[in-house]
Structure formats: structure tokens, C-alpha cells
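# Fold and geometry: a report
Listed below, chain by chain, are the residues.
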Amino acid sequence: MHRSASRLTRVIACAAVPVILAVSGCSSDSGKSADTGKKSDSSASSKSPSTKPSTAPEKAAFATLPDPCKTVQAKTIEALVPKAKDKNGTATKSNDLTSRASCSWNGLDENGLKGSDYRWLAVSLVRYDSHESLGSGNKRAEEQYNKQLATAKAVEGAQNVKTDQVGGVGDQGTSVTYTTKKDGADFFNTTVIVRTQNVVVSLDYNGAAYEGAAAPDPAKLLESAIAATREAVNSVAGAKDQPGSSQSPSDPAPSESPSESASAS
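The rules behind these values
- Residues numbered from 1 in each chain as written.
- Predicted model: local features only at pLDDT ≥ 70, side-chain atom pairs only at ≥ 80, totals over all residues.
- Heavy atoms only, no water.
- Helix = DSSP H or I, 4+ residues; strand = E, 2+ residues; numbered from the N terminus.
- Buried < 20%, exposed > 50% of the residue type's maximum accessible area, 1.4 Å probe, protein only.
- Contact = heavy atoms within 4.5 Å.
- Areas by Shrake-Rupley, 256 points an atom, 1.4 Å probe, with all protein chains shown as cover.
- Polar contact = N/O pair within 3.5 Å; in protein donor to acceptor, adjacent residues only side chain to side chain.
- Phe/Tyr/Trp six-rings, centres within 6.5 Å; stacked < 30°, edge-to-face > 60°.
- Pairing = 2+ DSSP bridges.
- Axes fitted to C-alpha atoms, helices over the stretch in contact; angles between N-to-C directions.
- Core = buried A, V, L, I, M, F, W, Y, C linked by side-chain atoms within 4.5 Å.
- Disulfide = S-S within 2.5 Å.
- Lys, Arg positive; Asp, Glu negative; His and termini not counted.
- Salt bridge = Lys/Arg side-chain N within 4 Å of Asp/Glu carboxyl O.

As a further point, take the overall build of the chain. In terms of regular secondary structure, the chain is built from 5 helices and 7 strands. In sequence order, the chain lays out its α and β elements as α-α-β-β-β-α-β-β-β-β-α-α. Sorting the 265 residues of the chain into buried and exposed places 39% on the buried side. Long-range contacts, defined here as pairs at least 24 residues apart, represent 62% of the contacts in the chain between residues at least 6 apart. Surface exposure of the chain reaches about 15,800 Å², of which carbon and sulfur atoms provide 52%.

Structure below.
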């Protein structure tokens, strides 16, 4: 009986060995398969492209600027600046007239005992090209538009500052009106800033009355300024196909601020 029990124990032990080996073998094979899968995934990942090809910004709509002194019609100059010193305007010097240009007119209309009316008008144009590292011309012009708008609203000594949207002229448009004092006279100022694609058009128009003349009508000044700005924007579109474009990536210098313009006048 003792011999039979010992024999039975040996049989059970021998029968259990293949089962343990089989389990051990499966665990070993499973580990190898997982490692192989990880290496395969890692290899496939390293072979896939890590960066997407960069896309160049869209081409700027306008490649040049019109003559700034011809952006506003002669009859408009005559109406807005009576007795202008130079009806042809005075252009500001620029190193690159295809990227930055401006022109101004001023005149004093003397009416004897009725007093005198002073008017000053200036048009400034700033154009931006598209550049891979700096962005599209439209985006760069929009940034300049916002900068000029902030400058116009922060003129030193300005009072009663009001801003309003200008619709139907370019892609973005805002007017800024305010009053200032200079040499004892009240100046009524209007600035209209418009972005037409990659070009920013800024028009300043101000007036003052001397020796008993009636003060300028702010609403009339604004209406006239918007009409003149529309002519300037149309001039930019008309210069689109003219030769002499510049593709310089550098930023053109900003136009002079309304405060500097008033001082110059």
C-alpha cells in the first residue's frame, strides 16, 4: 500500500511538469511578441514625417502706390482748401515711393472784415508686401491700421475725441474727430484711416477761423474728409497695374501723426 502511494505521487508530479513548462513557455513567447511590437511601432514612427511643409502667404494685392499729390481730384482740393498755397500739393520725401508716400495742402482764405478761414489737408499712404517670415501684406497692413488709429486717438492736447466706423470705403475704416488749440485759435480736426487690402490710407483734414470768421462745421469737415478718402482709396486701386513695384520685406516707416501735421501747419 505504501509502495502504491509513492508510485502515484511520482506519476502526478511528472504529469504536472509539462503543464508548468507550457505556461512558462507561453509567458516567454508573449513577452517577446510585445517587445517586437514596440520596436516595430517605434520604427514606423521614426520613419513618418515630423513636420508639415510651410505655406507661403498670399500675394499682396497692390504692388505700388499712386502719386500721393494726385490721389485727390483737383476740384476736391479747390473745395476743401480754398486759396491753397500750392494746388499741386507738397509731397513728403521718401526713400521708396512705392511703399510710403504722402502729400499735403494748406491755405488761408481771407475775407476782409468777415475774417479768415484756414484749411489743411494731408494724405498718407503706406503699403506692405507679403513676406514668408512677416506674414501677408493684408495682415501687416491691418497691424499698421490699428497703430495709426491708436495714434490718432491719443493726440496730445486733443479734446472731445470721438471715433466712428466708416463704411463703404476699403476693407476697414474709422474716423477720429477732436478739437485742439493753437496760437489762441480752435482747430477742428478730422482723421480718416482706411485699410484697402495691403495699403493703409490716412487722411487728415483740419480747419480754424480767424478774426471773427465763423468756426468750421465739424460735421461738414468729416463729410468732406470721408469723400476725399474715398477718392484716395480709388487711386490706390487705379495704380494696381502700374510698373515699378517693390518687394522689399522691410517695414516702411509710419506716416506722420496728426499731431505732427498740425504743428507743421
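What follows concerns the environment of Thr92. Structurally, Thr92 is set in the loop between strand S1 (90–91) and strand S2 (100–110). Within the local environment of Thr92, its side chain forms a polar contact with the side chain of Ser102, the two groups lying 2.9 Å apart.

On to the packing of aromatic side chains. In this structure the tally under the stated criterion is 1 aromatic pair. The interplanar angle of 70° and the centroid separation of 6.1 Å between the aromatic rings of Tyr118 and Phe187 together place this pair among those described as edge-to-face. Placement of Tyr118 in strand S3 (residues 116–127) and of Phe187 in strand S6 (residues 185–196) is noted, with a sequence separation of 69 residues between them.

Here we come to the sheet that holds strand S7 (residues 199–210). One open sheet holds the 7 strands; their spatial order is S1-S2-S3-S7-S6-S5-S4, and the pairing between them is antiparallel. Of all the strands in the sheet, just S1 and strand S4 (159–165) have a single pairing partner and so form its edges. The pairing of S1 with S2 spans 2 bridges and is classified as antiparallel. Residue pairing across strands places Ala91 opposite Cys103, the latter belonging to S2. The strands that helix H3 (residues 137–152) touches are S3, strand S5 (172–182), S6 and S7; relative to S6, the one it contacts most, it runs at about 165°.

Here we come to the pairing of S5. Along any regular strand, the residues point their side chains to alternate faces of the sheet. With 8 of its 11 residues buried, S5 lies for the most part within the structure. In this antiparallel pair of consecutive strands, S4 and S5, the connection spans 6 residues, and Gly168 shows a positive phi of 75°. The turn joining S5 and S6, which pair antiparallel and follow one another in sequence, is formed by 2 residues; a positive phi near 55° is taken by Asp183.

This part covers the nonpolar core. If you look at the biggest cluster of nonpolar residues, it comprises 30 residues, and the most contacted ones within it are Trp105, Leu121, Val123, Val201, Leu203 and Tyr205. Counting residues per element, the ones that place at least two in this core are helix H2 (74–80), S2, S3, S6, S7 and helix H4 (218–238). The element best represented in this core is H4, accounting for 6 residues. Membership of the second largest hydrophobic core comes to 11 residues, among which are Val126, Tyr145, Tyr178 and Ile193.

This part takes up the side chain of Thr180. Within the secondary structure layout, Thr180 lies in strand S5. Here Asn189 takes part through its side chain, which lies 3.2 Å from a polar atom of the side chain of Thr180. Among all residues touching Thr180, those that are not within four sequence positions of it are Gly157, Ala158, Ala185, Asp186, Phe187 and Asn189.

What follows is about the state of the cysteines. Inspection of the entire model under this criterion finds 1 disulfide. Two residues, Cys69 and Cys103, share a disulfide whose sulfurs are 2.1 Å apart. Measuring the twist about the S-S bond at about 100°, one finds the Cys69-Cys103 disulfide to be right-handed. In this pair, Cys69 is assigned in the loop between helix H1 (2–47) and H2 and Cys103 in strand S2, connecting sequence segments 34 residues apart. Accessibility assignment for this pair places Cys69 and Cys103 in one class, buried.

Looking at where Glu231 falls in the secondary structure, it is placed in helix H4. The side chain of Glu231 sits in the buried core without any salt bridge; Lys75 is the nearest counter-charge, 6.6 Å away. Filtering out sequence-adjacent residues up to four positions away, Glu231 remains in contact with Thr71, Val72, Gln73 and Thr76.

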